[in-house]
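# Working through the structure, step by step
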Amino acid sequence: MIERTLSGRPPQPRLPKGAIDAQMHMYLPQFPSLSGGPPLPEEPLPDANAYRQVMDWLGIDRVIITQGNAHQKDNGNTLACVAAMGAAARAVVVIDESTSDAQMQRLSAAGAVGARIMDLPGGAVGLGALEAVDARAHAADWMIALQFDGNRMLDHLPWLERIRSRWVLDHHGKFFAGVDPDGTEMTALLRLIDRGNVWFKFAGVYESSRAAWPYEDVAAFSRRIAEHAPERIVWGSNWPHNMIRKTEDYPDDARLAELVLGWLADDRARHLALVENPERLFKLSAFVAT
């Protein structure tokens, strides 16, 4: 059994009102894992009640629940989690070339605002379906969350440049082999971002960093991107940190948020990344503080 910390000292500085967690997963017990994906996280399952404690701890007001690979193409768990969380939650789900217009309408009505493509082991839909997913997402005014090995950026450019939907490159780009902040892959990524429909997600830094805390390899190019286009950064907690298998390795979510958000230049950049940018990416209503 893994022990997940759900409360503690909040991050400093505090997250602004309306803060959005743009990347996390949640699980309910009535939805088992499916063939082709990883198993469910260890008990106790990270459910809505647990995540509400994390929201209170970190100062998160809104959340995007991303379809977990354990459920492959069955969006039932994710949509049930959105229903459990209420108005604060929306979903990034899985669709493909077989998803009908009627299904898209039902997904939208249930809170879906985006589609996930994960071109890595365990992913339900890979880049081979990008054209079909983009067509459906664009028609529905959804975004696309893309995850692949960032060191193949140049190979994928012809397809990435044709995406019509708003889209975000997940998990700091997943440059598993490392990347030069001034190298060709980063130059290509910055040009993509300059197209106007591309965002970059700060989330799950430990999944691709080749260094220990404070992950200076990922920090170097993440700072470069944030300086180049502060209006294109979004942040996610990556809770419940599914790749972490031991309690002693489980991150302190507040300290992790402090670290990663500290790569942004100033309070204005933080507000963009936590509130305004995800509002635009996911087409969320502007938050009115009460």
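Our subject is the structure that appears above.
Residues numbered from 1 in each chain as written. Predicted model: local features only at pLDDT ≥ 70, side-chain atom pairs only at ≥ 80, totals over all residues. Heavy atoms only, no water.

What follows deals with the sheet that holds strand 1 (residues 20-24). The strand order 1-2-3-4-5-6-7-8 describes an open sheet built from eight strands, whose pairing is parallel. Edge positions in the sheet fall to strand 1 and strand 8 (233-235), since each has one partner strand and no second. The mean inter-strand angle of the sheet, taken between neighbouring strand axes irrespective of direction, is 25°. Across three bridges, the pairing between strand 6 (residues 166-169) and strand 7 (residues 198-202) is parallel. By the bridge assignment for strand 7, Leu169 is matched with Phe200. Seen against the sheet, helix 4 (residues 130-140) touches strand 4 (112-118) and strand 5 (143-147) and runs at an angle of roughly 155° to strand 5. (Pairing = 2+ DSSP bridges. Helix = DSSP H or I, 4+ residues; strand = E, 2+ residues; numbered from the N terminus. Axes fitted to C-alpha atoms, helices over the stretch in contact; angles between N-to-C directions. Contact = heavy atoms within 4.5 Å.)

Let's shift gears to the pairing of strand 1. It is a general feature of regular strands that their side chains alternate between the two faces of the sheet. In terms of residue burial, strand 1 counts as a mostly covered element, since five of its five residues are buried. By the bridge criterion, three bridges tie strand 1 to strand 2 (residues 62-66) in an arrangement that is parallel. Across the sheet, the residue bridging to Ile20 is Arg62, located in strand 2. (Buried < 20%, exposed > 50% of the residue type's maximum accessible area, 1.4 Å probe, protein only.)

A few words on the packing of helix 6 (residues 184-193) against helix 7 (residues 216-228). Packing of helix 6 against helix 7 leaves a shortest axis separation of 11 Å and a crossing angle of 30°. For the element pair helix 6 / helix 7, the angle class is roughly parallel. The hand of the helix 6/helix 7 crossing is right-handed. From helix 6, Met186, Leu189, Leu190 and Ile193 reach across to helix 7, where they touch Phe221, Arg224, Ile225 and His228. Split into classes, the residues belonging to the contact of helix 6 with helix 7 amount to six nonpolar, one polar and one charged. (Parallel < 35°, antiparallel > 145°, perpendicular 65-115°, else oblique. Left-handed = near helix turned anticlockwise from the far one by under 90°. Nonpolar A, V, L, I, M, F, W, Y, C, P; charged D, E, K, R; others polar.)

Here Arg116 is to be found in strand 4. No salt bridge is formed by the buried Arg116. Its closest oppositely charged neighbour is Asp170, at 4.8 Å. A polar atom in the side chain of Arg116 sits 3.3 Å from the side chain of Asn69. Setting aside residues no more than four positions away along its own chain, Arg116 makes contact with His25, Thr66, Gln67, Gly68, Asn69, Val92, Val93, Val94, Val125, Ala145 and Gln147. (Lys, Arg positive; Asp, Glu negative; His and termini not counted. Salt bridge = Lys/Arg side-chain N within 4 Å of Asp/Glu carboxyl O. Polar contact = N/O pair within 3.5 Å; in protein donor to acceptor, adjacent residues only side chain to side chain.)

Before going further, it helps to spend a moment on the packing of helix 5 (residues 153-160) against helix 6. Where helix 5 contacts helix 6, the two axes come as close as 10 Å, and the packing angle between them is 20°. Here helix 5 is positioned roughly parallel relative to helix 6, judged by the angle of their axes. Crossing geometry of helix 5 relative to helix 6 is assigned as left-handed. Across from Met153, Leu154, Leu157 and Leu160 in helix 5, the residues of helix 6 making contact are Thr184, Glu185, Ala188, Leu189 and Leu192. Grouping the amino acids of the contact of helix 5 with helix 6 by side-chain chemistry returns seven nonpolar, one polar and one charged.

Below, the discussion takes up the pattern of salt bridges. Side chains carrying opposite charge are able to pair once their charged atoms draw close together. A full pass over the atoms with the stated rule returns 14 salt bridges. Where Glu279 meets Arg62, a salt bridge forms, and the shortest distance between an N and an O atom there is 2.9 Å. In this pair, Glu279 is assigned in helix 9 (residues 267-282) and Arg62 in strand 2, connecting sequence segments 217 residues apart. One exposure class covers both Glu279 and Arg62, and it is buried.

It is worth spelling out the side chain of Gln147 at this point. Secondary-structure assignment places Gln147 in strand 5. Accessibility expressed as a relative area gives 1% for Gln147, which makes it buried. A polar contact is formed between the side chain of Gln147 and the side chain of Lys174, at a distance of 2.4 Å.

A general tendency of soluble globular proteins is for nonpolar side chains to be buried together. Within the largest apolar cluster, 86 residues are counted, with the highest numbers of intra-cluster contacts made by Tyr51 and Leu146. When residues of this core are assigned to their parent elements, the largest contribution, seven residues, is made by helix 1 (residues 48-58). When near neighbours in sequence (up to four residues on either side) are disregarded, Tyr51 contacts Asp21, Met24, Met26, Ile60, Val63, Met85 and Trp239. Core analysis: the second largest hydrophobic core is formed by 13 residues, Ala22, Val92, Met143 and Trp199 among them. (Core = buried A, V, L, I, M, F, W, Y, C linked by side-chain atoms within 4.5 Å.)

A few words on helix 4. Residues of helix 4 that are buried include every one of Leu130, Ala132, Val133, Asp134 and Ala137, and no others. Those residues of helix 4 that are buried are in contact with strand 4, strand 5 and helix 5.

Time to look at the packing of aromatic side chains. Where two aromatic rings form a pair, the distance of their centres and the angle of their planes describe that pair. If you walk through the whole model with that rule in mind, you get five aromatic pairs. Centre to centre, the rings of Phe200 and Phe202 are 6.1 Å apart; their planes meet at 90°, and the pair counts as edge-to-face. In this pair, the class of Phe200 matches that of Phe202, namely buried. One aromatic cluster is present, formed by Phe200, Phe202 and Trp263 through successive ring pairs. One Lys or Arg, Arg232, reaches over the ring of Trp199 and ends 4.5 Å from the middle of that ring. (Phe/Tyr/Trp six-rings, centres within 6.5 Å; stacked < 30°, edge-to-face > 60°. Lys NZ or Arg CZ within 6 Å of the ring centre and 35° of its normal.)

Just geometry here; none of it tells us what the structure is for.
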